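Listed below, chain by chain, are the residues.
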Amino acid sequence: MNYYLYFVEGIAAREYLQGTNYVGIWADDPFEARKNITKYFAKGTPITEVPQSQVQGSIGYLY
C-alpha cells in the first residue's frame, strides 16, 4: 500500500472534505487511487496528483 495525495478542484469538494481541497488515499498504485477517488466526486471533476511538499493547508480523508 502506498499513500497518494490529490488536489480536487471546486467548492463542492471543499465542502465534502471539510474545508480543504486536498485528499489523501491509500492504494496499491496510482491507477487504483484515482479510481477510488473518482467514486466520491462528480464525473469530470479535475483531480490532480500532488507531492506532499506542495500541500498547503490540511488534508481531508474520504474513509
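That block above? That's the structure.
The rules behind the values
- Residues numbered from 1 in each chain as written.
- Predicted model: local features only at pLDDT ≥ 70, side-chain atom pairs only at ≥ 80, totals over all residues.
- Heavy atoms only, no water.
- Pairing = 2+ DSSP bridges.
- Helix = DSSP H or I, 4+ residues; strand = E, 2+ residues; numbered from the N terminus.
- Buried < 20%, exposed > 50% of the residue type's maximum accessible area, 1.4 Å probe, protein only.
- Polar contact = N/O pair within 3.5 Å; in protein donor to acceptor, adjacent residues only side chain to side chain.
- Contact = heavy atoms within 4.5 Å.
- Phe/Tyr/Trp six-rings, centres within 6.5 Å; stacked < 30°, edge-to-face > 60°.

(A) Region of interest: the sheet that holds strand β2 (residues 22-27). Taking strand neighbours across the sheet as the criterion, the 4 strands line up as β3-β1-β2-β4 in an open arrangement whose pairing is mixed. The open sheet has two edge strands with one neighbour each: β3 (47-49) and β4 (60-61). As paired elements, strand β1 (residues 2-8) and β3 share 3 bridges and run antiparallel to each other. Bridging from a neighbouring strand, Y6 pairs with E49 of β3.

(B) Summary view of unusual backbone geometry. Although it is not a glycine, Q18 adopts a positive phi angle of roughly 55°. Inspection of the secondary structure assignment puts Q18 in the loop between α1 (11-16) and β2. Accessibility expressed as a relative area gives 64% for Q18, which makes it exposed.

(C) Expanded view of the side chain of N21. Relative to the helices and strands, N21 resides in the loop between α1 and β2. Reaching out from N21, the side chain makes a polar contact with the backbone oxygen of G10 at a distance of 3.0 Å. Only 2.9 Å separates the side chain of N21 from the side chain of R14, close enough to count as a polar contact. If sequence neighbours within four positions are ignored, N21 has contacts with Y6, F7, V8, E9, G10, A13 and R14.

(D) Geometry of the packing of aromatic side chains. A complete count under the given rule lists 4 aromatic pairs for this structure. Centre to centre, the rings of Y16 and Y40 are 6.3 Å apart; their planes meet at 40°, and the pair counts as tilted. With Y16 in helix α1 and Y40 in the loop between α2 (30-38) and β3, this pair connects stretches of sequence that are 24 residues apart. Taken together, a centroid distance of 5.8 Å and an interplanar angle of 80° make the contact between Y16 and F41 edge-to-face. A residue pair is termed long-range when its members are at least 10 positions apart, and Y16 in helix α1 and F41 in the loop between α2 and β3 qualify at 25 residues. Here the aromatic cluster, defined as three or more aromatic residues joined through ring pairs, consists of Y16, Y40 and F41.

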